[in-house]
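Below are the chains, spelled out letter by letter.
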Amino acid sequence: MIQIFSEMFSYTFILRAIIVGLLVSLCASILGVVLVLKRYSMIGDGLSHVGFGALGIATVLNVAPLKIALPTVIIVAFLLLKISENSKIKGDSLIALISASSLAIGIFAISLKSGVNTDINNFLFGSILAMSKSDLILSIICSILVLILFIIFYNKIFAVTFDENFAKASGIKTNIYNIVISVLTAVTIVIGMRIMGSLLISSLIIFPSLTSMQIFKKFKFVVITSAIISVVCFMIGITISYIFGTPTGASIVIINLIVFIIFWIISIIKRH
Amino acid sequence: MIEIDKLCVGYENKKVIDNLSLNIKSGDYICVVGPNGAGKSTFVKALVGLKKEMSGKITLKKNLKRNEIGYLPQIKKIQDNFPASVYEIVLSGCLNKLSIKPFYSKKDKEKAIETLKKLNILNLKDKCYTELSGGQQQKVMLARALCASDKIIVLDEPVTGLDPTSTSDLYKKISELNKKDGLTVIMVTHDVETSLEYATHILNINGKNTFFSTISDYLHNNTCECVESEAFNDTNI
(Lines give C-alpha, C1' and ligand atoms only; values in the text may rest on other atoms or scores of the structure.)
Protein backbone atom coordinates (compact mmCIF):
# COMPACT_ATOMS: atom_id res chain seq x y z
CA MET A 1 0.00 0.00 0.00
CA ILE A 2 2.72 2.43 1.03
CA GLN A 3 4.67 1.44 -2.04
CA ILE A 4 1.71 2.24 -4.28
CA PHE A 5 1.34 5.65 -2.66
CA SER A 6 5.02 6.54 -2.97
CA GLU A 7 4.92 5.41 -6.58
CA MET A 8 1.84 7.55 -7.21
CA PHE A 9 3.33 10.61 -5.58
CA SER A 10 6.50 10.33 -7.62
CA TYR A 11 4.57 11.43 -10.73
CA THR A 12 4.27 15.22 -10.78
CA PHE A 13 0.98 15.18 -12.67
CA ILE A 14 -0.63 12.83 -10.16
CA LEU A 15 0.68 14.87 -7.26
CA ARG A 16 -0.80 17.99 -8.83
CA ALA A 17 -4.10 16.25 -9.40
CA ILE A 18 -4.17 15.00 -5.81
CA ILE A 19 -3.46 18.41 -4.31
CA VAL A 20 -6.13 20.13 -6.41
CA GLY A 21 -8.52 17.21 -6.04
CA LEU A 22 -8.29 17.22 -2.26
CA LEU A 23 -8.89 20.96 -2.07
CA VAL A 24 -11.81 20.77 -4.50
CA SER A 25 -13.35 17.82 -2.64
CA LEU A 26 -13.16 19.81 0.55
CA CYS A 27 -14.72 22.95 -0.94
CA ALA A 28 -17.36 21.11 -2.94
CA SER A 29 -18.52 19.05 0.00
CA ILE A 30 -19.01 21.93 2.44
CA LEU A 31 -20.67 24.13 -0.16
CA GLY A 32 -22.70 21.08 -1.13
CA VAL A 33 -24.35 20.98 2.29
CA VAL A 34 -25.71 24.49 1.75
CA LEU A 35 -26.65 23.90 -1.89
CA VAL A 36 -28.51 20.69 -1.15
CA LEU A 37 -30.40 22.24 1.75
CA LYS A 38 -31.27 25.33 -0.23
CA ARG A 39 -32.45 23.08 -3.08
CA TYR A 40 -29.83 24.59 -5.35
CA SER A 41 -28.15 21.31 -6.35
CA MET A 42 -29.31 21.72 -9.94
CA ILE A 43 -27.53 25.05 -10.15
CA GLY A 44 -24.26 23.20 -9.54
CA ASP A 45 -25.09 20.84 -12.39
CA GLY A 46 -26.02 23.69 -14.73
CA LEU A 47 -22.86 25.60 -13.90
CA SER A 48 -20.61 22.66 -14.73
CA HIS A 49 -22.15 22.51 -18.21
CA VAL A 50 -21.59 26.21 -18.65
CA GLY A 51 -17.99 25.51 -17.63
CA PHE A 52 -17.76 22.97 -20.43
CA GLY A 53 -18.96 25.51 -22.97
CA ALA A 54 -16.41 28.01 -21.71
CA LEU A 55 -13.63 25.43 -21.94
CA GLY A 56 -14.56 24.73 -25.53
CA ILE A 57 -14.40 28.40 -26.43
CA ALA A 58 -11.09 28.76 -24.60
CA THR A 59 -9.68 25.92 -26.71
CA VAL A 60 -10.69 27.67 -29.92
CA LEU A 61 -9.24 30.97 -28.78
CA ASN A 62 -6.13 29.22 -27.50
CA VAL A 63 -6.29 30.85 -24.06
CA ALA A 64 -5.69 29.26 -20.66
CA PRO A 65 -9.01 27.48 -19.98
CA LEU A 66 -9.47 28.71 -16.40
CA LYS A 67 -9.10 32.34 -17.44
CA ILE A 68 -12.24 32.14 -19.57
CA ALA A 69 -14.20 29.54 -17.64
CA LEU A 70 -13.86 31.22 -14.23
CA PRO A 71 -15.43 34.60 -15.07
CA THR A 72 -18.07 33.05 -17.36
CA VAL A 73 -19.29 30.58 -14.76
CA ILE A 74 -19.30 33.22 -12.01
CA ILE A 75 -21.44 35.52 -14.15
CA VAL A 76 -23.88 32.72 -15.01
CA ALA A 77 -24.07 31.67 -11.34
CA PHE A 78 -24.97 35.22 -10.47
CA LEU A 79 -27.66 35.36 -13.17
CA LEU A 80 -29.15 31.99 -12.19
CA LEU A 81 -29.50 33.16 -8.62
CA LYS A 82 -31.18 36.39 -9.65
CA ILE A 83 -33.58 34.44 -11.85
CA SER A 84 -34.41 31.83 -9.23
CA GLU A 85 -35.38 34.67 -6.88
CA ASN A 86 -37.88 35.79 -9.49
CA SER A 87 -40.59 33.16 -9.28
CA LYS A 88 -42.18 34.17 -12.56
CA ILE A 89 -39.50 32.34 -14.51
CA LYS A 90 -39.14 28.64 -13.75
CA GLY A 91 -35.59 28.15 -12.53
CA ASP A 92 -35.26 24.44 -13.25
CA SER A 93 -36.31 24.55 -16.88
CA LEU A 94 -34.03 27.51 -17.42
CA ILE A 95 -31.11 25.54 -15.98
CA ALA A 96 -31.89 22.66 -18.34
CA LEU A 97 -31.93 25.12 -21.20
CA ILE A 98 -28.63 26.68 -20.23
CA SER A 99 -27.03 23.25 -19.68
CA ALA A 100 -27.92 21.93 -23.11
CA SER A 101 -26.99 25.16 -24.88
CA SER A 102 -23.61 25.33 -23.17
CA LEU A 103 -22.87 21.69 -24.03
CA ALA A 104 -23.77 22.36 -27.65
CA ILE A 105 -21.66 25.51 -27.82
CA GLY A 106 -18.73 23.69 -26.22
CA ILE A 107 -18.85 20.71 -28.57
CA PHE A 108 -19.34 22.98 -31.57
CA ALA A 109 -16.34 25.10 -30.62
CA ILE A 110 -14.05 22.15 -29.96
CA SER A 111 -14.93 20.46 -33.25
CA LEU A 112 -14.08 23.68 -35.08
CA LYS A 113 -10.64 23.61 -33.60
CA SER A 114 -9.44 20.05 -33.76
CA GLY A 115 -12.11 17.75 -35.02
CA VAL A 116 -10.71 15.19 -32.62
CA ASN A 117 -12.79 13.61 -29.88
CA THR A 118 -10.14 13.29 -27.18
CA ASP A 119 -10.53 16.89 -26.00
CA ILE A 120 -14.29 16.50 -25.70
CA ASN A 121 -13.81 13.31 -23.78
CA ASN A 122 -11.38 14.95 -21.37
CA PHE A 123 -13.63 17.91 -20.77
CA LEU A 124 -16.72 15.79 -20.24
CA PHE A 125 -15.25 13.07 -18.08
CA GLY A 126 -12.13 14.71 -16.72
CA SER A 127 -8.49 14.01 -17.08
CA ILE A 128 -5.83 13.69 -14.47
CA LEU A 129 -3.35 15.14 -16.94
CA ALA A 130 -5.26 18.36 -17.30
CA MET A 131 -3.57 20.41 -14.60
CA SER A 132 -0.76 22.69 -15.70
CA LYS A 133 1.45 24.44 -13.18
CA SER A 134 -0.38 27.76 -13.50
CA ASP A 135 -3.70 25.92 -13.13
CA LEU A 136 -2.33 24.35 -9.98
CA ILE A 137 -1.41 27.69 -8.40
CA LEU A 138 -4.71 29.31 -9.35
CA SER A 139 -6.60 26.31 -8.00
CA ILE A 140 -4.79 26.39 -4.68
CA ILE A 141 -5.43 30.11 -4.22
CA CYS A 142 -9.11 29.79 -5.11
CA SER A 143 -9.73 26.76 -2.92
CA ILE A 144 -8.10 28.35 0.10
CA LEU A 145 -10.16 31.48 -0.50
CA VAL A 146 -13.34 29.39 -0.62
CA LEU A 147 -12.45 27.65 2.64
CA ILE A 148 -11.57 30.86 4.48
CA LEU A 149 -14.72 32.65 3.31
CA PHE A 150 -16.88 29.71 4.31
CA ILE A 151 -15.41 29.63 7.82
CA ILE A 152 -15.73 33.39 8.28
CA PHE A 153 -19.34 33.41 7.11
CA TYR A 154 -20.26 30.03 8.61
CA ASN A 155 -22.75 31.32 11.20
CA LYS A 156 -24.44 33.66 8.78
CA ILE A 157 -24.57 31.04 6.06
CA PHE A 158 -26.25 28.66 8.50
CA ALA A 159 -28.86 31.25 9.48
CA VAL A 160 -29.60 32.22 5.89
CA THR A 161 -29.89 28.58 4.84
CA PHE A 162 -32.15 27.62 7.72
CA ASP A 163 -34.54 30.56 7.72
CA GLU A 164 -33.97 33.37 5.28
CA ASN A 165 -36.75 35.58 6.66
CA PHE A 166 -35.46 35.44 10.21
CA ALA A 167 -31.94 36.18 9.02
CA LYS A 168 -33.25 39.16 7.07
CA ALA A 169 -35.13 40.45 10.13
CA SER A 170 -31.87 40.14 12.10
CA GLY A 171 -30.37 42.69 9.75
CA ILE A 172 -28.42 40.23 7.60
CA LYS A 173 -28.17 41.14 3.94
CA THR A 174 -29.26 37.70 2.79
CA ASN A 175 -28.73 38.49 -0.88
CA ILE A 176 -25.03 39.00 -0.29
CA TYR A 177 -24.68 35.56 1.26
CA ASN A 178 -26.62 33.93 -1.55
CA ILE A 179 -24.25 35.60 -3.99
CA VAL A 180 -21.21 34.54 -1.94
CA ILE A 181 -22.45 30.93 -1.99
CA SER A 182 -23.06 30.85 -5.71
CA VAL A 183 -19.76 32.55 -6.56
CA LEU A 184 -17.86 30.12 -4.33
CA THR A 185 -19.71 27.25 -6.00
CA ALA A 186 -18.85 28.57 -9.43
CA VAL A 187 -15.15 28.79 -8.52
CA THR A 188 -15.14 25.29 -7.05
CA ILE A 189 -16.85 23.79 -10.08
CA VAL A 190 -14.51 25.38 -12.59
CA ILE A 191 -11.45 24.16 -10.73
CA GLY A 192 -12.77 20.66 -10.10
CA MET A 193 -14.11 20.24 -13.60
CA ARG A 194 -10.67 19.60 -15.09
CA ILE A 195 -10.10 16.47 -13.05
CA MET A 196 -13.68 15.28 -12.59
CA GLY A 197 -15.07 16.34 -15.94
CA SER A 198 -18.04 18.62 -16.32
CA LEU A 199 -20.54 15.78 -16.26
CA LEU A 200 -19.26 14.38 -12.99
CA ILE A 201 -18.20 17.42 -10.93
CA SER A 202 -21.68 18.09 -9.57
CA SER A 203 -21.63 14.68 -7.91
CA LEU A 204 -18.75 15.95 -5.76
CA ILE A 205 -21.13 18.63 -4.50
CA ILE A 206 -24.20 16.52 -3.93
CA PHE A 207 -22.94 13.12 -2.78
CA PRO A 208 -20.93 13.86 0.38
CA SER A 209 -23.57 16.05 1.98
CA LEU A 210 -26.41 13.66 1.18
CA THR A 211 -24.34 10.78 2.51
CA SER A 212 -23.61 12.58 5.73
CA MET A 213 -27.23 13.70 6.20
CA GLN A 214 -28.31 10.07 6.28
CA ILE A 215 -26.78 9.73 9.72
CA PHE A 216 -25.88 13.12 11.17
CA LYS A 217 -28.51 15.55 12.38
CA LYS A 218 -26.47 18.55 13.42
CA PHE A 219 -25.45 21.17 10.88
CA LYS A 220 -21.87 21.45 12.11
CA PHE A 221 -21.41 17.65 12.14
CA VAL A 222 -22.87 17.36 8.67
CA VAL A 223 -20.45 19.97 7.32
CA ILE A 224 -17.44 18.34 8.99
CA THR A 225 -18.32 14.74 8.14
CA SER A 226 -19.21 15.48 4.55
CA ALA A 227 -15.80 17.11 4.17
CA ILE A 228 -14.15 14.00 5.61
CA ILE A 229 -16.26 11.65 3.47
CA SER A 230 -15.45 13.65 0.37
CA VAL A 231 -11.70 13.68 0.99
CA VAL A 232 -11.57 9.97 1.82
CA CYS A 233 -13.64 9.02 -1.23
CA PHE A 234 -11.38 11.13 -3.43
CA MET A 235 -8.22 9.42 -2.16
CA ILE A 236 -9.69 5.93 -2.54
CA GLY A 237 -11.05 6.77 -5.98
CA ILE A 238 -7.83 8.20 -7.36
CA THR A 239 -5.80 5.28 -5.96
CA ILE A 240 -8.13 2.77 -7.61
CA SER A 241 -7.95 4.67 -10.86
CA TYR A 242 -4.14 4.55 -10.64
CA ILE A 243 -3.98 0.84 -9.87
CA PHE A 244 -6.58 -0.37 -12.36
CA GLY A 245 -6.18 2.33 -14.96
CA THR A 246 -9.84 3.36 -14.69
CA PRO A 247 -11.00 6.95 -15.40
CA THR A 248 -10.34 9.10 -12.33
CA GLY A 249 -13.62 11.03 -12.21
CA ALA A 250 -15.77 7.97 -12.66
CA SER A 251 -13.83 6.02 -10.04
CA ILE A 252 -14.32 8.79 -7.48
CA VAL A 253 -18.04 9.03 -8.18
CA ILE A 254 -18.49 5.27 -7.86
CA ILE A 255 -16.73 5.27 -4.47
CA ASN A 256 -19.02 8.14 -3.39
CA LEU A 257 -22.02 6.10 -4.51
CA ILE A 258 -20.87 3.05 -2.54
CA VAL A 259 -20.31 5.11 0.63
CA PHE A 260 -23.72 6.74 0.17
CA ILE A 261 -25.41 3.33 -0.04
CA ILE A 262 -23.57 2.14 3.09
CA PHE A 263 -24.67 5.23 5.04
CA TRP A 264 -28.19 4.88 3.74
CA ILE A 265 -28.40 1.26 4.91
CA ILE A 266 -26.99 2.26 8.32
CA SER A 267 -29.65 4.94 8.68
CA ILE A 268 -32.40 2.42 7.87
CA ILE A 269 -31.02 -0.03 10.42
CA LYS A 270 -30.78 2.76 13.01
CA ARG A 271 -34.41 3.70 12.50
CA HIS A 272 -35.66 0.18 13.18
CA MET B 1 -41.50 52.09 22.29
CA ILE B 2 -42.69 52.03 18.68
CA GLU B 3 -44.61 54.84 17.06
CA ILE B 4 -46.42 54.05 13.86
CA ASP B 5 -47.58 57.08 11.92
CA LYS B 6 -49.88 56.90 8.88
CA LEU B 7 -48.30 53.65 7.77
CA CYS B 8 -49.06 52.29 4.30
CA VAL B 9 -47.71 48.94 3.16
CA GLY B 10 -48.65 46.62 0.35
CA TYR B 11 -47.64 44.69 -2.70
CA GLU B 12 -46.58 46.46 -5.87
CA ASN B 13 -49.15 49.20 -6.23
CA LYS B 14 -51.87 47.71 -4.08
CA LYS B 15 -52.07 49.06 -0.57
CA VAL B 16 -52.93 46.35 1.95
CA ILE B 17 -52.62 48.56 4.98
CA ASP B 18 -53.63 52.16 4.53
CA ASN B 19 -53.00 54.98 6.92
CA LEU B 20 -52.48 53.01 10.12
CA SER B 21 -51.34 54.94 13.18
CA LEU B 22 -50.74 53.52 16.62
CA ASN B 23 -48.41 53.74 19.54
CA ILE B 24 -46.88 50.63 21.06
CA LYS B 25 -45.73 51.03 24.64
CA SER B 26 -43.26 48.95 26.54
CA GLY B 27 -44.97 45.96 28.20
CA ASP B 28 -47.96 45.93 25.87
CA TYR B 29 -49.40 42.63 24.67
CA ILE B 30 -51.03 43.37 21.34
CA CYS B 31 -53.04 40.83 19.41
CA VAL B 32 -53.35 41.50 15.70
CA VAL B 33 -56.56 39.98 14.38
CA GLY B 34 -58.54 40.21 11.16
CA PRO B 35 -59.72 38.15 8.23
CA ASN B 36 -57.37 36.29 5.91
CA GLY B 37 -55.54 38.48 3.45
CA ALA B 38 -56.33 41.65 5.38
CA GLY B 39 -52.64 42.35 5.88
CA LYS B 40 -51.80 41.05 9.37
CA SER B 41 -48.61 39.36 8.25
CA THR B 42 -47.74 42.28 6.02
CA PHE B 43 -48.03 44.56 9.03
CA VAL B 44 -45.62 42.55 11.16
CA LYS B 45 -43.26 42.14 8.24
CA ALA B 46 -43.13 45.91 8.00
CA LEU B 47 -42.45 46.07 11.74
CA VAL B 48 -39.43 43.76 11.59
CA GLY B 49 -38.13 45.36 8.43
CA LEU B 50 -38.91 42.62 5.92
CA LYS B 51 -41.24 44.89 4.02
CA LYS B 52 -40.60 48.48 3.08
CA GLU B 53 -43.25 51.00 4.02
CA MET B 54 -44.83 52.70 0.99
CA SER B 55 -45.47 55.80 3.00
CA GLY B 56 -45.79 56.80 6.64
CA LYS B 57 -43.26 56.09 9.30
CA ILE B 58 -42.35 53.51 11.90
CA THR B 59 -40.28 55.19 14.58
CA LEU B 60 -38.41 53.09 17.12
CA LYS B 61 -37.70 54.69 20.46
CA LYS B 62 -35.59 54.01 23.54
CA ASN B 63 -32.56 53.00 21.47
CA LEU B 64 -34.45 50.11 19.98
CA LYS B 65 -33.00 49.08 16.64
CA ARG B 66 -34.94 47.44 13.84
CA ASN B 67 -32.98 44.23 14.09
CA GLU B 68 -33.52 44.07 17.85
CA ILE B 69 -37.09 42.92 17.44
CA GLY B 70 -37.37 39.19 18.08
CA TYR B 71 -39.27 37.67 15.19
CA LEU B 72 -41.12 34.37 15.04
CA PRO B 73 -42.12 33.92 11.40
CA GLN B 74 -45.24 32.13 10.24
CA ILE B 75 -44.82 28.37 10.41
CA LYS B 76 -43.58 27.11 7.14
CA LYS B 77 -42.51 23.60 6.49
CA ILE B 78 -38.78 23.40 7.08
CA GLN B 79 -37.35 20.64 4.91
CA ASP B 80 -37.90 17.26 6.51
CA ASN B 81 -34.27 16.38 6.72
CA PHE B 82 -32.68 19.73 7.55
CA PRO B 83 -29.85 18.78 9.89
CA ALA B 84 -29.85 21.37 12.65
CA SER B 85 -29.78 20.93 16.40
CA VAL B 86 -32.01 22.96 18.70
CA TYR B 87 -28.95 24.68 20.15
CA GLU B 88 -27.67 25.71 16.72
CA ILE B 89 -31.03 27.23 15.87
CA VAL B 90 -31.54 29.05 19.16
CA LEU B 91 -27.99 30.40 19.02
CA SER B 92 -28.72 31.77 15.56
CA GLY B 93 -31.15 34.11 17.33
CA CYS B 94 -28.06 36.05 18.43
CA LEU B 95 -27.35 36.74 14.76
CA ASN B 96 -28.17 40.43 15.17
CA LYS B 97 -25.33 40.78 17.70
CA LEU B 98 -22.73 39.47 15.25
CA SER B 99 -22.64 42.36 12.74
CA ILE B 100 -19.18 41.95 11.21
CA LYS B 101 -17.85 39.48 13.78
CA PRO B 102 -17.63 35.98 12.33
CA PHE B 103 -18.30 33.99 15.51
CA TYR B 104 -20.67 34.08 18.49
CA SER B 105 -19.24 35.32 21.77
CA LYS B 106 -19.31 33.43 25.03
CA LYS B 107 -22.07 35.77 26.16
CA ASP B 108 -24.21 34.82 23.16
CA LYS B 109 -23.77 31.13 23.92
CA GLU B 110 -24.70 31.65 27.57
CA LYS B 111 -27.75 33.59 26.45
CA ALA B 112 -28.86 30.69 24.27
CA ILE B 113 -28.54 28.20 27.14
CA GLU B 114 -30.29 30.57 29.54
CA THR B 115 -33.20 30.98 27.14
CA LEU B 116 -33.51 27.22 26.69
CA LYS B 117 -33.70 26.91 30.48
CA LYS B 118 -36.29 29.66 30.71
CA LEU B 119 -38.60 27.82 28.31
CA ASN B 120 -37.92 24.44 29.95
CA ILE B 121 -36.47 22.92 26.81
CA LEU B 122 -32.84 22.56 27.85
CA ASN B 123 -33.29 18.78 27.53
CA LEU B 124 -33.89 19.24 23.79
CA LYS B 125 -30.60 21.10 23.27
CA ASP B 126 -28.87 18.47 21.15
CA LYS B 127 -31.99 17.09 19.48
CA CYS B 128 -32.57 17.50 15.77
CA TYR B 129 -35.14 20.22 15.13
CA THR B 130 -37.07 18.35 12.44
CA GLU B 131 -37.58 15.37 14.75
CA LEU B 132 -39.43 17.44 17.37
CA SER B 133 -43.20 17.76 17.77
CA GLY B 134 -44.93 20.88 16.46
CA GLY B 135 -45.26 22.37 19.95
CA GLN B 136 -41.60 21.78 20.73
CA GLN B 137 -40.57 23.28 17.41
CA GLN B 138 -42.52 26.46 18.15
CA LYS B 139 -40.89 26.72 21.57
CA VAL B 140 -37.52 26.52 19.85
CA MET B 141 -38.59 29.29 17.49
CA LEU B 142 -39.75 31.32 20.50
CA ALA B 143 -36.39 30.75 22.17
CA ARG B 144 -34.64 31.97 19.03
CA ALA B 145 -36.78 35.11 18.98
CA LEU B 146 -35.99 35.71 22.66
CA CYS B 147 -32.27 35.43 21.93
CA ALA B 148 -32.70 38.19 19.39
CA SER B 149 -34.49 40.45 21.85
CA ASP B 150 -35.55 40.57 25.45
CA LYS B 151 -37.51 43.78 24.90
CA ILE B 152 -39.98 43.01 22.16
CA ILE B 153 -41.05 39.99 20.16
CA VAL B 154 -43.29 39.75 17.12
CA LEU B 155 -45.07 36.44 16.52
CA ASP B 156 -46.85 35.57 13.30
CA GLU B 157 -49.55 32.96 13.97
CA PRO B 158 -47.43 30.94 16.37
CA VAL B 159 -50.03 28.27 17.16
CA THR B 160 -51.24 27.32 13.68
CA GLY B 161 -51.43 23.56 13.42
CA LEU B 162 -50.62 22.91 17.08
CA ASP B 163 -52.75 20.63 19.27
CA PRO B 164 -54.81 22.28 22.05
CA THR B 165 -52.37 21.35 24.84
CA SER B 166 -49.33 22.76 23.04
CA THR B 167 -51.34 25.82 22.09
CA SER B 168 -52.36 26.72 25.64
CA ASP B 169 -48.87 25.84 26.84
CA LEU B 170 -47.31 28.27 24.36
CA TYR B 171 -49.87 30.99 25.15
CA LYS B 172 -49.17 30.67 28.88
CA LYS B 173 -45.44 30.88 28.34
CA ILE B 174 -45.78 34.01 26.21
CA SER B 175 -48.11 35.61 28.73
CA GLU B 176 -45.68 34.77 31.53
CA LEU B 177 -42.82 36.45 29.65
CA ASN B 178 -45.05 39.48 29.14
CA LYS B 179 -46.10 39.77 32.80
CA LYS B 180 -42.88 38.72 34.56
CA ASP B 181 -40.20 40.11 32.29
CA GLY B 182 -42.13 43.04 30.87
CA LEU B 183 -41.60 41.70 27.37
CA THR B 184 -43.59 43.57 24.74
CA VAL B 185 -45.55 41.09 22.64
CA ILE B 186 -47.12 41.63 19.24
CA MET B 187 -48.93 38.55 18.04
CA VAL B 188 -50.85 37.83 14.87
CA THR B 189 -53.60 35.35 15.65
CA HIS B 190 -56.90 33.95 14.45
CA ASP B 191 -57.89 33.12 17.97
CA VAL B 192 -59.84 36.14 19.25
CA GLU B 193 -61.00 34.37 22.39
CA THR B 194 -57.48 33.76 23.65
CA SER B 195 -56.42 37.24 22.64
CA LEU B 196 -59.05 38.62 24.99
CA GLU B 197 -57.75 36.45 27.80
CA TYR B 198 -54.08 37.43 27.61
CA ALA B 199 -53.70 40.62 25.59
CA THR B 200 -53.76 44.22 26.75
CA HIS B 201 -54.60 45.62 23.31
CA ILE B 202 -56.22 44.44 20.16
CA LEU B 203 -55.44 45.59 16.65
CA ASN B 204 -58.08 44.59 14.15
CA ILE B 205 -56.85 44.92 10.60
CA ASN B 206 -59.79 44.81 8.25
CA GLY B 207 -59.68 47.42 5.53
CA LYS B 208 -61.74 50.44 6.51
CA ASN B 209 -62.86 48.84 9.77
CA THR B 210 -59.29 48.74 11.10
CA PHE B 211 -59.07 49.83 14.72
CA PHE B 212 -56.71 49.68 17.68
CA SER B 213 -58.03 49.62 21.24
CA THR B 214 -57.50 48.26 24.70
CA ILE B 215 -59.23 45.01 25.52
CA SER B 216 -61.76 46.64 27.88
CA ASP B 217 -62.72 49.26 25.28
CA TYR B 218 -63.04 46.52 22.75
CA LEU B 219 -65.41 44.51 24.93
CA HIS B 220 -67.62 47.53 25.63
CA ASN B 221 -67.91 48.66 22.09
CA ASN B 222 -70.90 47.46 20.16
CA THR B 223 -69.64 48.22 16.72
CA CYS B 224 -66.61 46.17 17.43
CA GLU B 225 -68.56 43.10 18.35
CA CYS B 226 -69.73 42.65 14.82
CA VAL B 227 -66.14 42.69 13.66
CA GLU B 228 -65.35 40.17 16.31
CA SER B 229 -67.97 37.76 15.04
CA GLU B 230 -66.61 38.25 11.58
CA ALA B 231 -63.21 37.22 12.81
CA PHE B 232 -64.77 34.17 14.43
CA ASN B 233 -66.37 33.18 11.16
CA ASP B 234 -63.02 33.50 9.55
CA THR B 235 -61.46 30.95 11.87
CA ASN B 236 -64.26 28.55 11.12
CA ILE B 237 -63.51 28.62 7.43
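Our structure is the block above this text.
Residues numbered from 1 in each chain as written. Chains lettered and ligands numbered in written order. Predicted model: local features only at pLDDT ≥ 70, side-chain atom pairs only at ≥ 80, totals over all residues. Heavy atoms only, no water.

**Student:** Run through the pairing of strand β3 (residues 29–33) of chain B, naming residues and quoting values.
**Tutor:** Regular strands place side chains that alternate from one sheet face to the opposite one. Residues and elements named next belong to chain B. By the criterion of burial, β3 is predominantly enclosed, with 5 of the 5 residues buried. Judged by which residues are buried, β3 turns out to be covered on both faces: Tyr-29, Cys-31 and Val-33 on one side and Ile-30 and Val-32 on the other are all buried. Note that β3 and strand β7 (residues 184–188) share 4 bridges and pair parallel. Its bridge partner being in β7, Val-32 is matched across the sheet by Val-188. In the sheet, β3 pairs with strand β8 (residues 201–204) via 4 bridges, with the strands oriented parallel. Residue pairing across strands places Val-33 opposite Asn-204, the latter belonging to β8. (Buried < 20%, exposed > 50% of the residue type's maximum accessible area, 1.4 Å probe, protein only. Helix = DSSP H or I, 4+ residues; strand = E, 2+ residues; numbered from the N terminus. Pairing = 2+ DSSP bridges.)

**Student:** Break down the packing of aromatic side chains for me, with residues and values.
**Tutor:** According to the stated counting rule, one finds 15 aromatic pairs over all chains in the structure shown. The interplanar angle of 80° and the centroid separation of 5.6 Å between the aromatic rings of Phe-162 of chain A and Tyr-129 of chain B together place this pair among those described as edge-to-face. Of this pair, Phe-162 of chain A sits in helix α8 (residues 154–162) while Tyr-129 of chain B is found in the loop between α3 (106–118) and α4 (134–148), placing the two residues in two different chains. Tyr-129 of chain B carries the same exposure label as Phe-162 of chain A, and that label is buried. (Phe/Tyr/Trp six-rings, centres within 6.5 Å; stacked < 30°, edge-to-face > 60°.)

**Student:** Residue-level account of the interface of chain B and chain A, with values.
**Tutor:** The interface is formed by 34 residues belonging to chain B together with 28 residues belonging to chain A. Roughly 2600 Å² of surface becomes buried between chain B and chain A when both sides are summed, with 65% attributable to carbon and sulfur atoms. Its largest share of buried area at the contact with chain A, chain B owes to Phe-82, Pro-83 and Leu-95 of chain B, together 24% of the area lost on that side. Summed over the shared surface of chain B and chain A, the number is 2 salt bridges. (Contact = heavy atoms within 4.5 Å. Buried area = accessible area lost by both parts, 1.4 Å probe. Salt bridge = Lys/Arg side-chain N within 4 Å of Asp/Glu carboxyl O.)

**Student:** Summarise the sheet that holds strand β4 (residues 55–60) of chain B; cite the residues concerned and give the values.
**Tutor:** Strands belonging to one sheet form pairs held by backbone hydrogen bonds; the direction of such a pair is parallel or antiparallel. All names here are of chain B. Strand order in the open sheet formed by 3 strands is β2-β1-β4, with antiparallel pairing between adjacent strands. Either end of the sheet is taken by a strand with one partner, and the two such strands are β2 (14–24) and β4. Here the strands of the sheet are splayed against their neighbours by 25° on average, with no regard to which way each runs. The sheet contact formed by strand β1 (residues 2–11) and β2 spans 7 bridges and is antiparallel. Within the sheet, the bridge partner assigned to Tyr-11 lies in β2 and is Lys-14. (Axes fitted to C-alpha atoms, helices over the stretch in contact; angles between N-to-C directions.)

**Student:** I'd like to hear about the nonpolar core, residue by residue, with values.
**Tutor:** In terms of nonpolar packing, the biggest core is built from 125 residues, with Leu-47 of chain A together with Tyr-29 and Leu-142 of chain B touching the most fellow members. In terms of residue count, the dominant contributor to this core is helix α2 (residues 12–37) of chain A (14 residues). Residues from two domains meet in this core; each of domain 1 (1–69 + 150–237) and domain 2 (79–148) of chain B gives at least three. Once residues lying within four places of it in the same chain are set aside, the contact partners of Leu-142 of chain B are Leu-72, Leu-119, Ile-153, Leu-155, Leu-170, Ile-174 and Leu-177 of chain B. One finds Val-9, Leu-20, Val-48 and Ile-152 of chain B within the second-largest nonpolar core, a separate group that totals 32 residues. (Core = buried A, V, L, I, M, F, W, Y, C linked by side-chain atoms within 4.5 Å. Domains from an automatic or database assignment.)

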